[in-house]
Amino acid sequence: MGMLRSAVLCGCFASVAFSLAEGILPLERFQKQIRLLITVLLLSVLLRPVLHLKDAELSIQDADVNPQTETLTASLKQAQESAVSESICNALNRALSEKNIACTVSECSLHIDPDNSIIINEVVITGNVQTGTVYLREWLGTEVKIREGGSSG
């Protein structure tokens, strides 16, 4: 019962915080991306206690629950990584267009570490690859692999 109360309380606080943050951000053109990110974060806050039932006072030993929990965790992680990837691609494309560079980021490959660090593995670009690569290296660092859209690497 305490875990359920904690989950509901976390959900309420998170939704209030996200509503306030959404009200503070005046940019309507990013409203779709902000709502997607807020939805993913809210889902992760609400599902976190449910996915960690094994660690709580309710220790369920049923073998059927474990695969479901792992599937939910994997789906949540994939949705979170997809939303973050889309957001990063949009931000990079916006920055490139502000610099008037005819280059587009078509894909960002990344993963999120257990400590919630976002690690960008690879960025796929099209257009003016040379100039785009110079700016992307400056922004992302040299560890990130930058690849042209049609080539194999």
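Above this text is the structure in question.
In every chain, residue numbers begin from 1 and rise along the written sequence. For this predicted model, a pLDDT threshold of at least 70 governs which residues receive local features, and a threshold of 80 or more governs which side-chain atom pairs are given and counted, while totals over whole chains, interfaces and linings are taken from all residues. Only hydrogens and water are removed before side-chain values are computed, so all heavy atoms of the structure are retained for them.

Under the scheme used here, helices are H or I runs from DSSP no shorter than 4 residues and strands are E runs no shorter than 2 residues, and both carry numbers assigned from the N terminus. A tally of regular secondary structure across the protein chain gives 4 helices and 3 strands. For the protein chain, the N- to C-terminal ordering of α and β elements is α-α-α-β-β-α-β. Across the 153 residues in the protein chain, those meeting the buried criterion constitute 25%. By definition in these notes, contact holds between two residues if any of their heavy atoms fall within 4.5 Å. Expressed as a percentage of contacts within the protein chain between residues at least 6 apart in sequence, the contacts between residues at least 24 apart total 46%. Of the roughly 10,400 Å² that the protein chain leaves accessible, carbon and sulfur atoms contribute 57%. In this scheme, a residue with accessible area under 20% of its type's maximum is buried, one over 50% is exposed, and one in between is partly exposed, where area comes from a 1.4 Å probe on protein chains only. Method for areas: the Shrake-Rupley scheme with a 1.4 Å probe, in which residue coverage is limited to the protein chains shown.

Time to look at unusual backbone geometry. Phi at Asn 100 is positive, roughly 60°, even though this residue is not glycine. On the secondary structure map, Asn 100 appears in the loop between helix H3 (65-98) and strand E1 (103-112).

Relative to the helices and strands, Glu 122 resides in strand E2 (residues 118-127). Side-chain atoms alone can form a polar contact between residues adjacent in sequence; in general such a contact is a pair of N or O atoms within 3.5 Å, and within protein one must be able to donate a hydrogen while the other accepts it. Within the local environment of Glu 122, its side chain forms a polar contact with the side chain of Arg 147, the two groups lying 2.8 Å apart. Setting aside its immediate chain neighbours within four residues, Glu 122 contacts Glu 107, Cys 108, Ser 109, Val 144, Lys 145 and Arg 147.

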